[in-house]
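Here are the chains, one letter per residue:
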Amino acid sequence: IYCWFGSAGLFAYGLDGEKIWERDLGEVKVGASLGEGSSPVVHEGKLIIVRDHDRGQSFIEVLDARNGKTLWKKDRDEKNAWATPAIAEYNGVTQVITAASKKVRSYDLTTGEIIWEAEGLTGNCIPSPIVDGKVVYCMSGYQGYSLLAIPITGKGDVTDSIIWKADRGTPYVPSPILYDGLLYVTQSNQNIMTCLNARDGREVVGRVRLPGLGNIYASAVG
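Criteria and cut-off values
- Residues numbered from 1 in each chain as written.
- Predicted model: local features only at pLDDT ≥ 70, side-chain atom pairs only at ≥ 80, totals over all residues.
- Heavy atoms only, no water.
- Pairing = 2+ DSSP bridges.
- Helix = DSSP H or I, 4+ residues; strand = E, 2+ residues; numbered from the N terminus.
- Axes fitted to C-alpha atoms, helices over the stretch in contact; angles between N-to-C directions.
- Phe/Tyr/Trp six-rings, centres within 6.5 Å; stacked < 30°, edge-to-face > 60°.
- Buried < 20%, exposed > 50% of the residue type's maximum accessible area, 1.4 Å probe, protein only.
- Patch = residues over 30% accessible without salt bridge, like charges linked within 9 Å, V, L, I, M, F, W, Y side chains within 5 Å.
- Areas by Shrake-Rupley, 256 points an atom, 1.4 Å probe, with all protein chains shown as cover.
- Salt bridge = Lys/Arg side-chain N within 4 Å of Asp/Glu carboxyl O.

This paragraph deals with the sheet that holds strand β13 (residues 135-140). For sheets, the rule is that strands pair by backbone hydrogen bonds, running either parallel or antiparallel. The strand order across the open sheet formed by four strands is β12-β13-β14-β16, and the pairing between neighbours is antiparallel. Sheet topology places β12 (130-132) and β16 (164-166) at the edges, where each strand pairs with a single neighbour. Direction aside, the axes of adjacent strands within the sheet are offset by 20 degrees on average. With six bridges joining them, β13 and strand β14 (residues 146-151) adopt antiparallel strand pairing. What sits directly across from Y137, in β14, is A149.

All right, on to the packing of aromatic side chains then. Evaluated as defined, the whole model comprises five aromatic pairs. On the numbers, 5.0 Å between centres and 25 degrees between planes, the contact of Y142 with Y172 is stacked. On the criterion of sequence distance, the pair formed by Y142 in the loop between β13 and β14 and Y172 in the loop between β16 and β17 (177-179) is long-range, its members being 30 residues apart. On the basis of relative accessible area, Y142 is assigned to the partly exposed category, the value being 29%. Under the relative-accessibility criterion, Y172 is labelled buried at 16%.

Looking now at a nonpolar patch on the surface. On the surface, I1, Y13 and L15 cluster together to form a nonpolar patch covering roughly 350 Å² of accessible area. Here L15 shows up in the loop between β2 (10-13) and β3 (19-23). Since its relative accessible area comes to 83%, L15 is described here as exposed.

Okay, structure coming up:
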């Protein structure tokens, strides 16, 4: 069990309750007194932490899940963001995909090198990316709306290769849900839902208000 508490540290426990290791990764430096929100991700024996903040150097760090030792660490040119990274596999390489205000980036999980990157999200990115086959869906909804369907098959700057985009109705805090080829999003933190065809971005259900609900911060499940 891996527990991440920002300034209080990162802890690994066995299922018997015994602490295996702990790490101090430094003080929280997120602006607006909001704390950190990106969850750790464990994959192939590695633990991934993304820390994007505007009061210090942002970075992504990958640790050995067995002992907490750093395998690699890369600085990031980003301000505040809270999106939990997504994992994708393509052509024998495991990608760590991070969504943030300046760029969506894909890192090689083994080496830490950037595989591809794309621009187009708004600030304060919170929703987590959703991977479906060879496409990742990234979105944001603070001071504007943006949804990008990005191929994970490219190299370098793939901004011009984005498959489709949307510029309204995307979430601020909640993450989207992809279910049976349909992408469901809520607008900002409001009770307004949109359903899009994930293949081409075509609107299936357009910005309907969900009755009986106030503001929404929780992510949907299906």
